[in-house]
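Given next are the chains, with one letter for each unit.
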Amino acid sequence: MYRFFVDEGQIFQDEIIITGPDVNHIKNVLRMRPGEKVLVSDGQDREYTCVLAHLENDEVRAKIEDVNGPARELPIKVTLFQALPKGDKMETVVQKMVELGVYEIAPVSTKRCIVKLDEKKAEAKTKRWNAIAESAAKQSKRGIIPKVLSPVTFQNALKKAREMDIILIPYEEAKSIDHTRKVLSRIKPGMSIGIFIGPEGGFTLEEVQQAIAVGAYDITLGKRILRTETAGMALMAVLMLQSEE
């Protein structure tokens, strides 16, 4: 079934009113008809199974059949602190991390980042990334739409991460894989996790030390060197399989 997101004010006792761009998508792109079923989420991991009832020019009315369907969110909240990569790699990172279950994404400007965004470009990029996150959330039937924050400095990223239960920073000089397994085994349901992924040139030693100083664990992702757009996905996949209930 196709999935759509609505605000709480669009949900009533026995029906949900879908408005905005989704109306055109339902009517003219998907060519759906009354009687077909859809999934509707309030963005807070509450899911409704609905039957399309009336398709109007500016709204679609869907009758609620079931509430609180299977929750699709991980029992942990993972925030990705992704150093800004070159080209359109960030779009791939956003799409795939949302599919894997990330809770939030914070683009980060680090010393070795080649990409430099002024305020206007950062605003446009953030809008684009959030549109990709919404599309990926619908495709993967997420219960929420993970938010992509505006780009932040490395220092501000560390300040935000300090509030989390566990901070992970993959680093090529980190200890053995056994150390990584021990760190990951400490992750329990209900925890908030921060993942720091460096740019194409990696984090500087100073940045790694600063992260460790605020409580981050430097871990390894194996003997191979992963690209910046691959590293976060690899770690997120491990966390997904480890924590999925």
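Each chain carries its own residue numbering, running from 1 in the direction its sequence is written. Residues qualify for local features only when their pLDDT is at least 70, as the model is predicted, and side-chain atom pairs are given and counted only at 80 or more; totals for whole chains, interfaces and linings, by contrast, use all residues. Just so you know, side-chain values use all the structure's heavy atoms and leave hydrogens and water out.

(A) Inspection of the environment of valine 208 at higher detail. Along the chain, the position of valine 208 falls in helix H6 (residues 205-213). Remark: the alpha-carbon pair of valine 208 and arginine 3, spanning 205 residues in sequence, is separated by 40 Å. Contacts are residue-level and defined by heavy atoms, with any inter-residue pair within 4.5 Å sufficient. Not counting residues up to four positions away in its chain, the partners in contact with valine 208 are Ile169, Tyr171 and Phe203. For helices the rule is a DSSP run of H or I covering at least 4 residues; for strands it is a run of E covering at least 2, with both sets numbered from the N terminus onward.

(B) View of the packing of aromatic side chains. Geometry of aromatic contacts follows a simple scheme: Phe, Tyr and Trp rings, the Trp one being its six-membered ring, pair when their centres are within 6.5 Å, and the pair is stacked under 30 degrees between planes, edge-to-face over 60, tilted otherwise. Under the defined criterion, the tally for this structure stands at three aromatic pairs. Ring centres of phenylalanine 81 and phenylalanine 196 lie 4.5 Å apart, and the angle between their planes is 10 degrees; on these two criteria the pair is classed as stacked. With phenylalanine 81 in strand S6 (residues 77-83) and phenylalanine 196 in strand S11 (residues 192-197), the pair connects residues that are 115 residues apart, well separated along the chain. No difference in accessibility class separates phenylalanine 81 from phenylalanine 196, as the two residues are buried. Members of the aromatic cluster, connected to one another through ring pairs, are Phe81, Phe154, Phe196 and Phe203. The buried label goes to any residue with under 20% of its type's maximum accessible area, the exposed label to any with over 50%, and the partly exposed label to all in between, with areas taken from a 1.4 Å probe on protein chains only.

(C) Summary view of the pairing of strand S4 (residues 47-55). Pairing between strands requires that DSSP locate at least two bridges from one strand to the other. Note: strand S3 (residues 37-41) against S4, five bridges, orientation antiparallel. What sits directly across from lysine 37, in S4, is valine 51. Between the end of S3 and the start of S4, which pair antiparallel, lie five residues, with glycine 43 showing a positive phi angle near 80 degrees. Examined bridge by bridge, S4 and strand S5 (residues 60-67) share seven bridges and lie antiparallel to one another. Bridge pairing in S5 places cysteine 50 opposite isoleucine 64. Adjacent in sequence and paired antiparallel, S4 and S5 are bridged by four residues.

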